Amino acid sequence: HDAGAEWIHVDVFDGNFVPNLTIGPPVVKAIRKHCPDAFLDCHLCVLNPENYVEDMVKAGASQFTFHWEARGVDGELDRAKELIERVRGSGMLVGCALAPETAADVLFPLVDEGLLDTVLLMSVRPGFGGQKFMPSVLPKVEALRKRSSKINVQVDGGITLDNAKEVALAGANVLVAGSTVYSAPAPPADQVKALVGLIRGGLEASRSFA
Ligand code: ZN
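Attention here is on the structure that accompanies the text. (Residues numbered from 1 in each chain as written. Predicted model: local features only at pLDDT ≥ 70, side-chain atom pairs only at ≥ 80, totals over all residues. Heavy atoms only, no water.)

1. Things to note about unusual backbone geometry
- Its identity is not glycine, yet N48 carries a phi of approximately 50 degrees, on the positive side.
- Following the sequence through the fold, N48 ends up in the loop between strand 2 (39-45) and helix 2 (53-59).
- Judged by relative accessible area, N48 falls into the buried class, the value being 17%.
- If you check the backbone angles, D74 has positive phi at about 55 degrees while not being a glycine.
- Note that D74 resides in the loop between strand 3 (63-67) and helix 3 (77-90). (Helix = DSSP H or I, 4+ residues; strand = E, 2+ residues; numbered from the N terminus. Buried < 20%, exposed > 50% of the residue type's maximum accessible area, 1.4 Å probe, protein only.)

2. Some points on helix 5 (residues 138-147)
- Among the residues making up helix 5, those that are buried are L138, K140, V141 and L144. In an axial view of helix 5, the angular spread of the buried residues amounts to 155 degrees, which keeps them on one side of the axis. For helix 5, the exposed residues lying more than 90 degrees away from the buried face are P139 and K146.
- Among the structural elements, helix 4 (108-112), strand 5 (118-122), strand 6 (152-156) and helix 6 (164-169) are those in contact with the buried residues of helix 5. (Arc of directions from axis to C-beta. Contact = heavy atoms within 4.5 Å.)

3. Remarks on the state of the cysteines
- Scanning the model with the defined rule gives zero disulfides in all.
- For the unlinked cysteine C42, the closest cysteine sulfur is that of C45, found at 12 Å. (Disulfide = S-S within 2.5 Å.)

4. Section: the coordination of the zinc ion
- Looking at the metal site, the zinc ion is ligated by H9 (NE2), D11 (OD), H43 (ND1) and D156 (OD), spaced 2.0 to 2.2 Å from it.
- Classification of the site at the zinc ion rests on its four donor atoms, whose angles at the metal span 93 to 166 degrees, yielding the label irregular.
- Along the chain, the residues that donate to the zinc ion are spaced as H-x1-D-x31-H-x112-D. Here H43 lies in strand 2 and D11 lies in strand 1 (residues 7-13), a separation of 32 residues in the sequence.
- What makes D11 partly exposed here is its relative accessible area of 24%.
- Classification of H43 as buried rests on a relative accessible area of 0%. (Donors = N, O, S within 2.8 Å, 3.2 Å for Na, K, Ca; no water. Tetrahedral: all angles 85-135°; square planar, octahedral: opposite > 155°, others 65-115°.)

Any functional reading would require information beyond the geometric quantities listed.
Quick look at the structure:
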């Protein structure tokens, strides 16, 4: 955080929507206790995300990102809108996540209506850290950025010092890094500083093209 990371990304996995089981609301609450001012960006890779809204807001989540493909949302606009309204009403920001195989245009109606703060694009298969970046996400980033200059376009999975600038250049302004920060030989703070520099460089370059 002190090295320049603006958000803390928390992967909440239920062992059903994705094969892995990670952390839930009690751990989010513990993180919030230690980081009272941090933006806790909670990515819910869970079935029936509508069942977690109250627990997550009570735990101190800043943003609630659900999956378009999850049971309970089922890729249906009406269900997504209902959930968005509940999340918004609870006081959290709202994100919607797309798995790699889901096309970006399914979210255009929500983006056009200004209902989302963030679109999260998975650039690996959801579930485990340490996977290789899928470049097929880049046209999706470009399409969403073209659709809205205001929305956060977030890319999650396989971000490294070698691809961060390219991803920002495509129009992403939020990049999630796990292994690059925590599994590198260099200290995490140095890795964050390097990533932030690359993202800022990419964003500036993309603006000057526009
Ligand atoms: Zn995530």
